[in-house]
Amino acid sequence: MQNKGLVKLFALLFGLVSVYQLSFTFKANQIEDEAQELAISKIADTEEDYRAKRSQEEANYLESIATDTVFNIGIAKFTYNEVKQKAMNLGLDLKGGINVILQVSVKDILKGLANNTKDPVFNKALEDATELQKNSQNTYLEDFFVAFDAIKGDTKLASPDIFYTKALDGEIEGNMTDDEVKKIISTKIDESIVSAFEVLRKRIDEFGVTSPNIQRLGTSGRILVELPGVKDVERATSLLQSTAQLEFWDAYKGEQFFGFLAQANETLKDLVEVDTPEVAEAEPQDEEDAQDAAIDDLLGEAETDSTAVAAVNPLLDLIRGPGYQGGPIIARFEVKDKVTVLEYLNKPEVRALLPVEQRYAKFVFGKPEKNSELIDLYALVGNRDNTPQLSGAVVTDARVNFSVANKPEVSMQMNSKGAKIWEEMTGKAFSQGSQIAIVLDDVVYSAPGVTSGPIAGGNSSISGSFTLNEAEDLANVLRAGKLPASADIISSEVVGPSLGQEAIDSGTMSFMIALVLVLVWMILYYGKAGGFADIAMVLNILLIFGILSGLGAVLTLPGIAGIVLTIGMSVDANVLIFERIREEIAKGKGQKESIQDGFSNALSSILDANITTGLTALILFIFGTGPIKGFATTLLIGIFTSLFTAIFITRLLVDWYINKGGKLDFSTAITKNLFRNINIEFLKKRKVAYIISGAFIVLSLGSLVTVGLNQGVDFVGGRTYQVRFENDVNATEISSTLANTFGSADAKTFGSANQLKITTKYKVNEASSEVDEEIRQLLYNTLQPHLSGQTYEEFIDLNDVNKQVGLLESFKVSPTIADDIKQASFWAILGSLIVVFLYILMRFKRWQYSLGAVAAVFHDVLIVLGIFSLTYRFMPFSMEIDQAFIAAILTVIGYSLNDTVVVFDRIREFFNEHTSWKFDRVVDTSLSSTLSRTLNTSLTTLVVLLSIFIFGGDSIRGFMFALIVGVIVGTYSSLFIATPIMYDTVQKLEDKKKKKN
């Protein structure tokens, strides 16, 4: 092998980088374990609501060390924030949390833009669009336009009764055509969705989740939100669905509260416990002197006294900077102290200190500046009802403009009602020299002053030291205030942390068992050479985890399955190489020459087999979502690292051993003559194989037509709940009881006999949080006799990491998105078949090869579907057809093609080497010579899959069963279906040519 030095250097650097990346994961885990132990030591089990308190204590500790150096590797130091950012992210199924798809109601936005018109054509078009959406792949807006065009008659979109309104005056004119109006409405809809997206993004920042993911899904108005590890699932779900609360408040001047803070500090000394620093005794101060000193500190006017002794001040010691005279900021605090400060200021004893005219003051923090740990405190002019002077609903538009000095500013327009109140507010602020706070979800985004008197007409410009991005953010926030649309959860998955920990444990166990079995098998079969392959395989696993960590990819349970499957499939490359070397040794060649030729001859098969598998994994990555994308990611990474370690690292180790005088037989005493001199006439058995396969296909098709498949909520919509009981329960009895409550419900044993997966279509078309709560309450009431006295709050609580009984996971999919998932799955399978057909055609230059491969794949998929259709009613694990099953089908396609391509590659090689042989002899000899590799790889892969199936957890068992069936059927079809069909079509063509001649 050439360039050995370069390979060694690359392998060393690659390995070191992987270790470097993984070190952050180990360090982050260590710190989080310490935080958990600290919380447990501080909060006893006997305290009320101790779990929530522990979670808060844990979060406070981690926040307190966020900017502290916690990891020193000699050449660099890292804070906790940096360590956490570089650590491997765990997915929802391993860490718990929520994954939702929100649908911003475009229907509501359209109603708002049309000023809630009563126009019958407009409202009929909305109803028709809603119906069209049930079986449409269009966006709601596209279907609305289709519906409107179908019934409009003489009605125009630019009608004064529809979109030619005061709110859209200047943008839509009465003489515009429908096509012109459609473009403007499309822009308005997009702006509203962007506003909703920004509001959600800012809310998510408040959760403190390590690796949140929020993204728009095309132009459909759907927004994906993933919050793995979120502590308060109920709060997260509620906050994601609530509409934006944009408000305008009069703001007090900061200096009006300096004295109050000093008084509050003195009162808090008797109310809260603060750690006392070990200092010398200080000179006593009277209360008036203490207040004066505190006010001087706030104004930044105190002189530094090197002999002064630190005092213990619960509130004042938290201040990190003063406000400024005449401004709305009272003081600056660290972000981590925000909750504590608000808790202090809202204590009844502290609020009692406020003067009568300030008794309703509302304390609110501002938006933290980028790359800053400090945050500003404001006091807003409140009232008895705690309502703002002006609601954000009056804002009709907001835009980023540039001032005369070419600086970004935000222009804002209000409706007539808002303009009148705005004139009063700005007039008051101008006369008092105060500010007006723009507040979104209780966060002050800006507090501009008024410099030119009362602002009439509702048109204003907000200027300041904005960057362009900050100005755009503020404009988005202002537009969000007028958003009339709710954001309904149309798909959700909620996983409790206890279930996540179980998934980690089962995933780790299956991983270790599979790894040990494969490592031992390789040594038993190939001797010392197998040991070298094992070393390469261990490096392969290290590289996979290192790359996942470096890319910031999220590790999921299907992702672990992808890695474990990669272990089985990575053996294939080594098996191909070792089998070719054994063939060369059997020909009488020397050891070095055999190794050289073995690696060279196997390269083509290795590349073709991995490329076909890689293509199906790529299709899966493109069309998949969430955990399935994680599976595809690890599979793709595993293919690349497997190729590198098998072709280069194994070769490097083998050459090193041979060059130092070692001898390798690439077999053991047991396996030395195994599969040698085999000459099976496969083609003569093809008719029997056709009959057997035909019978299975007919049986499968019959079952699919008559019985069908157990389609999961992914494909039909509905809600699924995973519930665990203290004692074993009868699924049939509970199904009957649930049916009486919901009309349509199904309960199946999920894993052990004390665990059920409950599915219902009750109110399937309603996605509101109120309906979700209603169904959970009904579910609890129905199951209560089996819950051993568990309260409703305990039943639904998904924050307990040690939870063993009650609701552990919930999943919801609306029929609309279920239809989209089904369509995407269909195109994923069809796309993979087309891509692979074209690749094989390109590589082998004859369409008969492509036909044989694709026919075998169709055969495999039909039989897997048939087996699921025939057995799902009595199997002791879930066999639902969902996105995970589609991932399994695509993996089966890749595996089947992998096997088939290796055989085809050998046929092509023998066809060119033995030109005098008849074609049937070439085919039979090729199949016989690759049999050792085929069975070896298949058995190894099956061992891996079985270990995951047995030890990998309930949620992944159906997925693994599909893969197991697929590997068995795929191995059979590569020998008895793909190659015979290719042979028959080639022979038929040759026979036609002979007849013509």
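Sequence order as written defines the numbering, with residues in each chain counted from 1. This being a predicted model, a pLDDT of at least 70 is required before a residue's local features are given, and a value of 80 or more before pairs of side-chain atoms are given or counted; all residues contribute to the totals for chains, interfaces and linings. Water and hydrogen atoms play no part in the side-chain values, which are based on all heavy atoms of the structure.

Bringing the overall build of the chain into the picture now. Regarding its fold elements, the chain presents 31 helices and 23 strands. Within the chain, the fraction of its 997 residues that count as buried is 53%. Throughout, a residue-residue contact means that at least one pair of heavy atoms, one from each residue, lies within 4.5 Å. For the chain, long-range pairs separated by at least 24 residues make up 74% of all intrachain contacts whose partners lie at least 6 apart in sequence. Secondary structure elements follow DSSP: runs of H or I of four or more residues count as helices, runs of E of two or more count as strands, with numbering from the N terminus. In this scheme, a residue with accessible area under 20% of its type's maximum is buried, one over 50% is exposed, and one in between is partly exposed, where area comes from a 1.4 Å probe on protein chains only.

With that out of the way, let us pick up the pattern of salt bridges. Salt bridges, as used here, are contacts in which a Lys or Arg side-chain nitrogen is within 4 Å of a carboxyl oxygen on Asp or Glu. Summed over the entire model, instances satisfying the criterion amount to 32 salt bridges. Note that Glu191 and Arg399 form a salt bridge whose closest N and O atoms lie 2.9 Å from each other. With Glu191 in helix 8 (residues 178–205) and Arg399 in strand 13 (residues 395–402), this residue pair connects regions lying 208 residues apart in the sequence. Note on Glu191: relative accessible area 14%, which makes it buried. A salt bridge links Asp905 to Arg908; the shortest N-O distance between them is 2.6 Å. Remark: Arg908 and Asp905 occur in helix 28 (residues 883–913); sequence separation between them is 3 residues, near one turn of the helix. Given a relative accessible area of 3%, Asp905 falls into the buried group. By sharing partners, the salt bridges in this structure join Asp149, Lys152, Asp178 and Lys182 into a single network.

Patch criteria: residues need more than 30% relative accessible area and no salt bridge. Like-charged residues are merged within 9 Å; nonpolar side chains of Val, Leu, Ile, Met, Phe, Trp and Tyr are merged within 5 Å. Accessibility throughout is a Shrake-Rupley quantity obtained with a 1.4 Å probe, and a residue counts as covered only by protein chains that appear here. Taken together, the side chains of Leu618, Phe621, Ile622, Phe623, Phe826 and Trp827 present a nonpolar region at the surface, about 590 Å² in accessible area. Put simply, the parts of the chain that give the nonpolar patch at least two residues each are helix 19 (591–623) and helix 26 (815–844). Here the element with the most residues in the nonpolar patch is helix 19; it accounts for 4 residues.

What follows deals with a positive patch on the surface. When charges are counted, neither His nor the chain ends are considered; positive counts come from Lys and Arg and negative counts from Asp and Glu. The location of each charge is read from NZ of Lys, CZ of Arg, CG of Asp or CD of Glu. Taken together, the side chains of Lys988, Lys992, Lys995 and Lys996 present a region of like positive charge at the surface. Tracing the backbone shows Lys992 in helix 31 (residues 957–996).

What follows is about the packing of aromatic side chains. Pairs were defined over the aromatic rings of Phe, Tyr and Trp, the Trp ring being its six-membered one, requiring ring centres within 6.5 Å. Orientation was assigned from the angle between planes: stacked under 30 degrees, edge-to-face over 60, tilted for the rest. Throughout the structure, instances matching the rule amount to 37 aromatic pairs. Summarising the aromatic geometry, the rings of Phe24 and Phe71 are spaced 5.5 Å apart at their centres and angled 85° between planes, so their arrangement reads as edge-to-face. You can see Phe24 sitting in helix 1 (residues 4–42) and its partner Phe71 sitting in strand 1 (residues 69–72), a full 47 residues away along the chain. Comparing Phe24 with Phe71, the two get one shared label, buried.

Turning our eyes to something else, we now look at the environment of Leu468. For Leu468, the position within the fold is in helix 15 (residues 468–481). Residues Leu468 and Lys407, 61 residues apart in the sequence, show an inter-C-alpha distance of 8.3 Å. For Leu468, the residues in contact, after removing those within four places along its chain, are Val400, Phe402 and Pro408.

The subject of this paragraph is the sheet that holds strand 13. An order of 13-14-17 is seen for the 3 strands of this open sheet, with the pairing classed as antiparallel. Sheet topology places strand 13 and strand 17 (459–462) at the edges, where each strand pairs with a single neighbour. The mean inter-strand angle of the sheet, taken between neighbouring strand axes irrespective of direction, is 20°. Pairing between strands is defined by DSSP: at least two bridges between them are needed. The pairing of strand 14 (residues 408–414) with strand 17 spans 4 bridges and is classified as antiparallel. Opposite Gln413, over in strand 17, you have Asn459 as the bridge partner. Fitted lines through C-alpha atoms serve as axes, helices being fitted only where they are in contact, and the angles separating the N-to-C directions of these axes extend from 0 to 180 degrees. Across the sheet, helix 14 (residues 416–432) lies against strand 14 and strand 17, angled at about 120° from strand 14, the strand it touches most.

A separate point is the sheet that holds strand 5 (residues 213–217). Taken together, the 8 strands give an open sheet; going across it, the order is 5-6-4-18-23-20-22-21, and neighbouring strands pair in antiparallel fashion. Either end of the sheet is taken by a strand with one partner, and the two such strands are strand 5 and strand 21 (745–749). Each strand axis lies, on average, 20° off the axis of its neighbour in the sheet, ignoring direction. Bridge analysis of strand 20 (residues 718–724) against strand 23 (residues 806–813) gives 7 bridges, and the strand direction is antiparallel. Residue pairing across strands places Arg724 opposite Gly806, the latter belonging to strand 23. This element, helix 24 (residues 769–783), spans strand 20, strand 22 (755–760) and strand 23 of the sheet and lies at about 40° to strand 20.

Turning our eyes to something else, we now look at the pairing of strand 13. Sheet topology places strand 13 next to strand 14; 7 bridges connect them, and they run antiparallel. Residue pairing for strand 14: Asp397 is matched across the bridge by Gln413. Following strand 13, the chain reverses through 5 residues before pairing antiparallel with strand 14; Asn406 in that reversal takes a positive phi of roughly 65°.

Values of pLDDT, which run from 0 to 100, indicate the predictor's confidence residue by residue. Here the chain averages 81 in pLDDT, while 87% of its residues score no lower than 70. Mean pLDDT in the chain bottoms out at helix 11 (residues 287–299), which sits at 54, and peaks at helix 21 (residues 686–706), which reaches 93. pLDDT under 50 marks residues 302–310. Its contacts with residues more than four places away, or in other chains, come to 6 contacts.

This next bit is on the pairing of strand 18 (residues 487–495). Here strand 18 lies mainly inside the structure; 8 of its 9 residues are buried. Here strand 4 (residues 97–104) runs beside strand 18; their pairing, made up of 8 bridges, is antiparallel. Following the sheet pairing, Gly97 is matched in strand 18 by Val495. Both strand 18 and strand 23 contribute to a ladder of 5 bridges, which runs antiparallel. Residue pairing for strand 23: Ser492 is matched across the bridge by Lys812.

Of note in the backbone geometry, Asn115 takes a positive phi value of approximately 60° without being a glycine. Assignment of secondary structure puts Asn115 in the loop between helix 5 (106–113) and helix 6 (120–133). Given the relative accessible area of 58%, Asn115 is considered exposed. Positive phi, normally seen in glycine, also occurs at Phe666, with a value near 60°. A residue is classified by how much of its surface remains accessible, and Phe666, at 1% relative accessible area, is buried.

Residue position: Arg719 is located in strand 20. Since its relative accessible area comes to 2%, Arg719 is described here as buried. Two N or O atoms count as a polar contact when they lie within 3.5 Å, although within protein this holds only if one can serve as hydrogen donor and the other as acceptor, and sequence-adjacent residues are included solely when both atoms are side-chain atoms. A distance of 3.3 Å separates a polar atom in the side chain of Arg719 from the backbone oxygen of Lys763.

Looking now at the packing of helix 28 against helix 30 (residues 931–951). Their axes nearest at 11 Å, the elements helix 28 and helix 30 cross at an angle of 160°. When the axes of helix 28 and helix 30 are compared, the pair comes out roughly antiparallel. Relative to helix 30, helix 28 is oriented so that their crossing is right-handed. The segment helix 28 lies against helix 30, with Tyr895, Asn898, Asp899 and Val902 engaging Arg933, Thr934, Thr937, Ser938 and Thr941. In terms of residue class, the contact of helix 28 with helix 30 is made up of 2 nonpolar, 5 polar and 2 charged. Reported orientations rely on four angle classes, namely roughly parallel under 35 degrees, roughly antiparallel over 145, roughly perpendicular from 65 to 115, and oblique for the rest. Take the far helix as your reference; a near helix turned counterclockwise from it by less than a right angle gives a left-handed crossing, and one turned clockwise gives a right-handed crossing. In the scheme used here, Gly and all other residues not listed as nonpolar or charged are polar, with Ala, Val, Leu, Ile, Met, Phe, Trp, Tyr, Cys and Pro taken as nonpolar and Asp, Glu, Lys and Arg as charged.

Assignment of secondary structure puts Asn89 in strand 3 (residues 89–90). The spatial distance from the C-alpha of Asn89 to the C-alpha of Ser549 is 7.5 Å, given a sequence separation of 460 residues.

Right, let's talk about the nonpolar core for a bit. In a soluble, globular protein the nonpolar side chains are often hidden away together inside. One finds Phe578, Phe885 and Ile907 to be the most contacted residues of the largest nonpolar core, which totals 125 residues. Put simply, a nonpolar core is a bunch of buried Ala, Val, Leu, Ile, Met, Phe, Trp, Tyr and Cys residues held in one set by side-chain atoms that sit within 4.5 Å of each other. In terms of nonpolar packing, the next biggest core, distinct from the first, is built from 45 residues, Leu126, Ile162, Ile204 and Leu227 among them.

In this section: the side chain of Lys188. Positionally, Lys188 belongs in helix 8. The exposure class assigned to Lys188 is buried, which follows from its relative accessible area of 5%. Among the polar contacts listed, one links the side chain of Lys188 to the side chain of Glu171, at a separation of 3.0 Å. Setting aside residues up to four positions removed in sequence, Lys188 forms contacts with Leu113, Leu168, Glu171, Asp397 and Arg399.

For the pair helix 5 and helix 6, interaxial distance at closest approach is 11 Å and the crossing angle is 170°. Put simply, helix 5 runs roughly antiparallel to helix 6. Mapping the contact onto sequence places Lys107, Leu110 and Lys111 in helix 5 and Phe122, Leu126 and Thr130 in helix 6. Of the residues in the contact of helix 5 with helix 6, the class split is 3 nonpolar, 1 polar and 2 charged.

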